[in-house]
Structures are given as C-alpha cells and as structure tokens.
Amino acid sequence: MHKKLFIPGPVEVRQDVLEKLAGPMIGHRTKDASALQQRISEKLQQLMFTKNTILLSTSSGSGLMEGAVRCFTSKRAAVFSIGAFGERWYKMCLANGIAADIFRSELGQPTTPEMVRDVLSTGKYDLVTITHNETATGVHNPIFEIAKVLADFPDVISCVDAVSSLGGDYIPVDELGLDVCITSTQKCLGLPPGMSIASVTDRAIEKAKTISNRGLYFDYVELYTFVKEKPYQYPSTPSLPHMYALDYQLDRILAEGIQNRFDRHAAMAARVQDWARKNFALYSNPEHLSVTVTCITNTRGIVFSELNAAMGKKGYLLSNGYGALKDKTFRIAHMADATLEDVDAMLGDLDEVLKQF
Ligand SMILES: *Cc1c(COP(=O)(O)O)cnc(C)c1O
C-alpha cells in the first residue's frame, strides 16, 4: 500500500503531474528545450515575485546551496543557523575551504534582525546565509525584518534557503532584495526530487566573476551565462522529465492562484498547530511558526516509531524529529498539493491511532 506522505519532502505528487515525467525526450540543445526552460523561468518569476534570472539545477537544493557559498564569498561568510539546515550550510563552507562563521539561535527560535545587524556591522563579512524555513524545528524566520537589515549592507550578498517554503509561503524576492533564493522541487512545489531552482541578481553574478575556484557544475556564472546568452539553455544535460512536470505544475499553481495557495498552506498549518496544542505541545516559538511543517514536542513520551508504524497501517507516513530533536519531537508536514480535507482525514486517523498509546 502506498503511504500518503506527511513528511517534509518528498511530498505527495499528483498522478497527472507524475505522468508528465514520462513524456518523450527532446534534444536539450533544441529550440524546444529553450522554450521549455523559458516558460518555466517566467512562471517561477511570478511565483517568486522577481525579475531576477532563474537558474535550474539537476540536483537537489543542496547543490545550489553549496554553489552559492562557493561562488559569492570572497571575504568571509556569515551563516545564520536555526537548526539542521543552517548547520549544513556551514559545513558546506568548511568543506569548500570558505572562511565562515556560524551564528546559532537556540533551537525553536528564529534568527533575529538584531543578530544580523550586530554580525554584519563588524564589516568582516561579504556573504550572509539565512534559512527561511527551518524544516527541523518548524520555524520560519522573520524574513521581512531581516531583509530591512540586509538593505543597510549593500556590499553583502544575501543567500536564502527557501527549500521547504517557496511555493507555500510568501517570499517576494525583489521586495526583500534577496540576491539568491533557493528551492527544490520535492517540497512545496509538489514534484519528485531531483531538480532545484535559484533566483539570482545581476550584481551577485558580477561579483562571482571576480572570484576564482567557483567549481563548475554548480557555478552560478556558468548557469547564468547559458540562460542569458544561448538563451535559456542548461550547461550540461538537464533532467528533462522534471522540466516537463515543472512546466505543467507551475501552470497548475498559477491556476490555483498564488495567494490561494499561500492561504491553503496557512489554513493547513493552523489546523495542525491546533491539533498539536490540544494533544501534545508545539516545539517552537509560537510567534514564528512555519506554515509548511509543524514540529511537535512528544510530551507523552510515545515511542514515535511505533506511532508511525500504526499510522502506516492506516496509510500514512509522518516524520520523526530531525538531528538533535530526533527523540524529543516529531513532525507533520502540510505542503504542496495537500488539502485541508487531507489534513483533517489524517488527523482523524491519528486521533484513532493515539487511543492505542
Ligand atoms: C530539504 C531541505 C534542504 C535540502 O534540500 P535537498 O533538496 O534535499 O538538497 C535544505 N534546506 C531546507 C530548509 C530543507 O528543508
């Protein structure tokens, strides 16, 4: 039996979207391939509220995250971490020999605008990374307030990990002034894993051109040049199946209405948060709760693997805690094409199952 996924990626993918993956291959250097990439880019620009250039990568989001710190840091990177994925960006810096410092918030808490101002005021940094939505703790950062601080440091390149939020949460890239904003296909966009997306500013690319050892596969200058000059091509062979499905799914997203999509995510989040407050407790700061994933403190000391196995028999997969929070918490994702009815049905079964514990 297929278990319906309520984990923070990969997510349930609609059958009609899955079928698009099976389209016949086309030559990746053809005009058809360029037209496909152009359509995808223009629709993503709408979803991201940006005029910036859209880059695609045949990799999961981690590839573009690693490429970003490598391509845009010349002095030193300031990595703000609110959990597992901030830690990951810091590791990527170290693994690539990039000078970096990590600034951690307590788990369950956001990065504050004050922290960002204090760190950038030292003048030591020319790149900053922010996790928009921390999937491990279910926190979304106050990105509007943080962006106001970033605007006071125009020489710093801003890179935002929106992997688990873009497409479900409002991230107006141009209004926020984000240089690089990254997401993956297998979370709020509702596609299978295997492709990732970044928006990038021209000024970030100009800076990258002055930096050597950017690597090649995740070199933003190379990806950008192929979009601008070919135009709308990809330096190597992209995952054309993902592109077919992405083209189709973006039409669906725009037909739903971007605001409707955000509202649906907010409604699902509110429902799961209410359930969690009633039955357990929310792990994270209630002022900064994610609209795409909820992290629940296991106040009853239930063996989560047993709970998840019982839910499995009902046809669902939930998520355990991540990293340091593995035994303390569990997570329910509410992203992509899930509906309030899906969430209600799952919570109803979860109530049933909990009676056994
Ligand atoms: C899933 C996730 C990642 C990693 O993305 P991949 O596509 O698996 O490489 C990074 N950041 C956050 C916040 C995520 O949720």
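Please read all numbers here as calculations on a predicted model, not as lab measurements.

A word on the pattern of salt bridges
Alright, step 1. A complete count under the given rule lists 19 salt bridges for this structure.
Alright, step 2. Here Arg203 ties to Asp179 by a salt bridge, and the two come within 2.8 Å at their closest N and O atoms. Of this pair, Arg203 sits in helix α8 (residues 202–208) while Asp179 sits in the loop between α7 (173–176) and β9 (180–184), and the two are 24 residues apart along the sequence.
Alright, step 3. Residue Arg203 is classed as partly exposed on the basis of its relative accessible area, which comes to 40%.

Digging into empty space enclosed by the protein
Alright, step 1. Counting across every chain of the model gives one cavity of 30 Å³ or more.
Alright, step 2. In this structure, the largest cavity spans a volume of roughly 50 Å³.
Alright, step 3. Along its surface, the largest cavity is lined by His28, Arg29, Ala33, Gln37, Tyr232, Gln233, Tyr234, Ser236, Pro238, Leu240 and Met243.
Alright, step 4. Elements supplying a minimum of two residues to the lining of the largest cavity: α2 (31–48) and α10 (240–256).

Side note on the side chain of Ser41
Alright, step 1. Note on placement: Ser41 falls in helix α2.
Alright, step 2. Given the relative accessible area of 2%, Ser41 is considered buried.
Alright, step 3. With sequence-adjacent residues up to four places away left out, Ser41 is seen in contact with Ile54 and Tyr232.

Let's talk about the site of the ligand
Alright, step 1. Residues in contact with the ligand amount to 13 residues; listed here are only the nearest, Ser60, Ser62, Thr135, Asp161 and Lys187.
Alright, step 2. A distance of 2.7 Å separates an oxygen atom of the ligand from a polar atom in the side chain of Ser184.
Alright, step 3. Separating an oxygen atom of the ligand from a side-chain N or O atom of Lys187 is a distance of 2.6 Å.
Alright, step 4. Taking a 2 Å distance to the grid points as the criterion, the majority of the atoms of the ligand fall inside the largest pocket.
Alright, step 5. Here the shell around the ligand gets three residues from one element, more than from any other, and that element is helix α3 (residues 61–72).
Alright, step 6. Of the residues that constitute the shell around the ligand, the class distribution is three nonpolar, eight polar and two charged.

Cut-off values and rules
- Residues numbered from 1 in each chain as written.
- Predicted model: local features only at pLDDT ≥ 70, side-chain atom pairs only at ≥ 80, totals over all residues.
- Heavy atoms only, no water.
- Salt bridge = Lys/Arg side-chain N within 4 Å of Asp/Glu carboxyl O.
- Helix = DSSP H or I, 4+ residues; strand = E, 2+ residues; numbered from the N terminus.
- Buried < 20%, exposed > 50% of the residue type's maximum accessible area, 1.4 Å probe, protein only.
- 1 Å grid on protein atoms, 1.4 Å probe; cavity = no way out; pocket = protein on both sides within 12 Å on 5 of 7 lines; lining within 4 Å.
- Points joined across faces, edges and corners; volume = space filled by probe spheres on them.
- Contact = heavy atoms within 4.5 Å.
- Near = heavy atom within 4 Å.
- Polar contact = N/O pair within 3.5 Å; in protein donor to acceptor, adjacent residues only side chain to side chain.
- Sits in = over half its atoms within 2 Å of the grid points.
- Nonpolar A, V, L, I, M, F, W, Y, C, P; charged D, E, K, R; others polar.

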